[in-house]
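Here are the chains, one letter per residue:
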Amino acid sequence: MSLCLVIDDMHPSLPDYLREAGVEMHYRPDLTAAEVPAALAAHPYDGLMVRSKLRITAGLLSHGPYLRYVARAGAGVDNIDEAALAAAGITLLNAPEGNRDAVGEYAIGLLLALLRHIPRAHQEVQTGQWRREANRGEELGGKTVGLIGCGHMGKAFARRLAAFGCTVLAYDHDSACDYGHYATPVSLAELQARAQVLSLHIPYSAANHHFIGSTLLQGFRNPIWLLNTARGEVLDHAALVQELKSGRVLGAALDVLENEKLTTLTPEQQARFDFLAAAPNVVLSPHVGGWSYQSYERINQVLAAKIQAFLASRSAANQ
């Protein structure tokens, strides 16, 4: 039986799913990041399950000589050194299928909130203001929405946009990407020429750092509404502030920020955050796009199935 160390809080369904997959779980969400190496070395774990407690590095992996897989409870793997895993012969498993529907739904909600001024209107009515004309908004139906990134999250969003009668264009650097039935693959130049809304769905990596910057934003033919439910670091926030001020970006809905530890902002980050927080055409939320009650359990289900398939393939290979 596989032995897996789980170091982050998980939905209580996890033990049952792992038991069905043939995995014995040591559930230790109480561990601090500093305590994980010793805990990993204490038993012959062949699996490690994480959320975002710490970064998975070569140094950490050296404490788990029996590790054969790392399971990331979520979609993003930017806290995991994939090269270190490959060098150690360790397989990385993640679960974008688990929260893609949550992200797709939430992205629709954010975009509608932005286009129809819902948060601002709510706050005004709370304070006794009844400003109908000032809160006249834009309809989503019929708009051309450009997606940068068309993986699980992008396709989930595109599928929901279809119900609004949107034209969905998608650019992805992966030429083998399956765009599904709801998005039309285009070049980045064509996306910039046609899109009225830009939505980001790319993972964070060194290559994607500030991929959305001044040059890219200034290349759009139309003023755009910008949506980011991916990772904050893929968007240059200085460029975003600049283009919001210029009117090239009509408004922004951001579920992720360049630095989400708001007590540790640098002076420059604080100035940008203060501008975004006060802007009437910006909607902010605390990285909760994939954070639903349903996705919390579904991630367990997806990961357990992938672990089971991985263990079965290893067993077959060793026969």
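Cut-offs and rules
- Residues numbered from 1 in each chain as written.
- Predicted model: local features only at pLDDT ≥ 70, side-chain atom pairs only at ≥ 80, totals over all residues.
- Heavy atoms only, no water.
- Pairing = 2+ DSSP bridges.
- Helix = DSSP H or I, 4+ residues; strand = E, 2+ residues; numbered from the N terminus.
- Contact = heavy atoms within 4.5 Å.
- Axes fitted to C-alpha atoms, helices over the stretch in contact; angles between N-to-C directions.
- Domains from an automatic or database assignment.
- Buried area = accessible area lost by both parts, 1.4 Å probe.
- Salt bridge = Lys/Arg side-chain N within 4 Å of Asp/Glu carboxyl O.
- Buried < 20%, exposed > 50% of the residue type's maximum accessible area, 1.4 Å probe, protein only.
- 1 Å grid on protein atoms, 1.4 Å probe; cavity = no way out; pocket = protein on both sides within 12 Å on 5 of 7 lines; lining within 4 Å.
- Points joined across faces, edges and corners; volume = space filled by probe spheres on them.
- Nonpolar A, V, L, I, M, F, W, Y, C, P; charged D, E, K, R; others polar.

J.: What should I look at first to understand the sheet that holds strand 11 (residues 249-254) in this one?
T.: Two strands in a sheet stick together by hydrogen bonds in their backbones, pointing the same way (parallel) or opposite ways (antiparallel). Taken in spatial order, the 7 strands line up as 8-7-6-9-10-11-12 in an open sheet, and their pairing is parallel. One side of each edge strand has no neighbouring strand; the edge strands of this open sheet are strand 8 (184-185) and strand 12 (282-284). Bridging between strand 9 (residues 197-200) and strand 10 (residues 224-228) involves 4 bridges; their strand directions are parallel. Each bridged residue has a counterpart across the sheet, and for Leu200 the counterpart in strand 10 is Asn228. This element, helix 5 (residues 96-115), spans strand 9, strand 10, strand 11 and strand 12 of the sheet and lies at about 145 degrees to strand 10.

J.: Can you walk me through the domain arrangement of the protein in this structure?
T.: How big an interface is tends to be stated in terms of accessible area lost as the parts join. Segmenting the protein into domains produces domain 1 (2-94 + 293-318) and domain 2 (99-284). On a C-alpha basis, the centres of domain 1 and domain 2 stand 32 Å from each other. Counting residues at the interface gives 6 residues for domain 1, matched by 5 residues for domain 2. Counting each side, the surface lost to burial between domain 1 and domain 2 is near 490 Å², with a carbon and sulfur contribution of 53%. Summed over the shared surface of domain 1 and domain 2, the number is 1 salt bridge. Here Arg231 and Asp78 are joined by a salt bridge, their closest N and O atoms 3.1 Å apart.

J.: I tried to follow helix 7 (residues 152-161) on my own but got confused; where do I start?
T.: Counting buried residues in helix 7 gives 7 out of 10 residues, a clear majority hidden from the surface. Among the residues of helix 7, those classed as buried are Met153, Gly154, Ala156, Phe157, Ala158, Arg160 and Leu161. Looking at the packing, one finds that the buried side of helix 7 touches helix 5, strand 6 (144-148), strand 7 (167-171), strand 9 and strand 10.

J.: Which parts of the structure should I look at to understand the pattern of salt bridges?
T.: Any two side chains of opposite charge can pair if their charged atoms end up close together. Applying the stated criterion to the full structure yields 12 salt bridges. For the salt bridge of Glu124 with Arg131, the shortest nitrogen-to-oxygen distance reads 2.8 Å. Judged by relative accessible area, Glu124 falls into the buried class, the value being 9%. In this structure Arg131 comes out as partly exposed when scored by relative accessible area, which is 39%. One network of salt bridges, with partners in common, ties together Asp101, Arg159 and Arg160.

J.: Quick question: what am I supposed to make of empty space enclosed by the protein here?
T.: Rolled over the atoms, a probe as big as a water molecule pinpoints where empty space is left. On inspection of all chains with the given rule, the structure shows 1 cavity of 30 Å³ or more. Together, His237, Leu257, Glu258, Asn259, Leu262, Leu265, Gln269, Arg272, Phe273 and Leu276 line the largest cavity. Residues of the lining of the largest cavity, tallied by class, amount to 5 nonpolar, 3 polar and 2 charged.

J.: How do you make sense of the layout of surface pockets when you look at a structure like this?
T.: The computed volume of the second largest pocket comes to approximately 200 Å³. Taken together, 15 residues form the lining of the second largest pocket, with Pro119, Ala279, Pro280, Val282 and Val283 sitting closest to its centre. Across the lining of the second largest pocket, the residue classes break down as 11 nonpolar, 3 polar and 1 charged.

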